[in-house]
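Commentary on secondary and tertiary structure
Residue strings, one per chain:
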Amino acid sequence: MAKKKNPMLKIFLIFFIIEIILVFLSGNFSRQLQVGFENKKFVLRNIEFHYDLQDEITEEFQIDEYNRQNNITPDVYGSEKIYDLFKRFFGAPTALGTFQLLRMILIVDIVLLFMALYIRKHLLARPSKSQLIFELIYTSLEEFVTETLGKEKANYTPYIVTLFIFIWVCNMIGMIPIPGFMEPTRNLNVPLGLGFMVVIVVHFTAIKMKGAWKHFQNYINPIKNPLCLLDIVGEMSKVVSISFRLFGNILGGAIIILVVSSLVSFVVFPVGLNLFFGMFVGTIQAFVFTMLALTYIGVEISE
Amino acid sequence: MDLTLAQGIVKASALLGAGLCMGMGALGPGVGEGFVAGKACEGIARSPENASLITRTMLVGQAVSESTGIYSLVIALLLIFST
């Protein structure tokens, strides 16, 4: 049998050789190799460079603070008239970090919409691979919902599955190596909003099950429930614990990836770190978030 | 970055506090996660046919018990970056 030559292998080999040459040319940590085009000429030279990890972290995670320190003002796009109109209604211009967050959420939404439309268009009786993955996610989460809430409460499945897929895509999208891409869950506002949504769903369920007056007596009537003040604090801490867990995991992973990849000059190691902190921790945290939301709802239903 | 003496003391104590916060906050989750993993090993040894279920439950339990460590991480980051 003739051995088939793999063209991809050749391309990988060429990249590997180029990478080895670049690594050996780039010298030590205080010097950096500059490759590119300058004044229509190809440039390959060693330059002195100053690397400050603190500045890098500030630029990556606190872009508003970075702009304030270096006196960078965001550009105004569009006409002055629209800008004035917006300024009249919403006050001073929005900080750039918020804009980045909104853009990332928009990208996540577009990805989810595209996935939904694509899979719905190619829905088959004999499922394809992508359809199989989503059916697997849906059926396994539906199983969890019916286990915790009971058969007749299976109408909570779409909410739980949406929560899982949204958080999972949010955690995965930070691994795409495009400058400016970040996980939306890295900003505290997104997990906090999701946590508030979970608590609102929990109370809505409780009101639906027990009636509004009977439910709120738990929080305002000290005769019926002597620990009613503690219960109010407990509701607050539910939001904090469920959202800070997600936020801290994702932010800590991102900071560790940044710090370690600054130590090893972007060779191979960050790939493994992304595999762990991006894929593993991201999937686990999305799963934990949905499971906790499910148990919060289940406690109210079983009472 | 020019700092006065008081600002320098505040910054230094914040950094020291961040290190202490992270080191002490990592103790509890480390012990807890190790405990959960050990119990899961015992469970798998007793009933190997339930290995996947036990592993899944173990991962969720570890992620929940990790949360105190994550809170200390958030507080350490606040101490480092916002003083």
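Residues numbered from 1 in each chain as written. Chains lettered and ligands numbered in written order. Predicted model: local features only at pLDDT ≥ 70, side-chain atom pairs only at ≥ 80, totals over all residues. Heavy atoms only, no water.

Further remarks concern the pattern of salt bridges. Once their charged atoms are close, side chains differing in charge can pair, the charge on each being opposite to the other. Residue and element names in this part refer to chain A. According to the stated counting rule, one finds three salt bridges over all chains in the structure shown. One salt bridge in this structure joins E235 and K238, with 3.5 Å as the shortest N-O distance. Of this pair, E235 and K238 both sit in helix 10 (residues 228-263), three residues apart, roughly one helical turn. As far as burial versus exposure is concerned, E235 and K238 are alike and both buried. (Salt bridge = Lys/Arg side-chain N within 4 Å of Asp/Glu carboxyl O. Helix = DSSP H or I, 4+ residues; strand = E, 2+ residues; numbered from the N terminus. Buried < 20%, exposed > 50% of the residue type's maximum accessible area, 1.4 Å probe, protein only.)

Axis separation between helix 11 (residues 269-302) of chain A and helix 3 (residues 51-65) of chain B bottoms out at 10 Å; the angle between their running directions is 85 degrees. By the criterion of interaxial angle, the relationship of helix 11 of chain A to helix 3 of chain B is roughly perpendicular. In this structure, helix 11 of chain A contributes F280, I284, Q285, F287 and V288 of chain A to the contact, and helix 3 of chain B contributes R56, L59, V60, A63 and V64 of chain B. Among the residues making up the contact of helix 11 of chain A with helix 3 of chain B, the classes are represented as eight nonpolar, one polar and one charged. (Axes fitted to C-alpha atoms, helices over the stretch in contact; angles between N-to-C directions. Parallel < 35°, antiparallel > 145°, perpendicular 65-115°, else oblique. Contact = heavy atoms within 4.5 Å. Nonpolar A, V, L, I, M, F, W, Y, C, P; charged D, E, K, R; others polar.)

Turning our attention to the environment of V108 of chain A. All names here are of chain A. Relative to the helices and strands, V108 is located in helix 5 (residues 96-121). Look at V108 and you get buried, because its relative accessible area is 0%. Counting along the chain gives 59 residues from V108 to I167, while the straight-line C-alpha distance between them is 9.6 Å. Non-local contacts of V108, meaning those with residues more than four positions away in its chain, are made with F166, V169, C170, I173 and P184.

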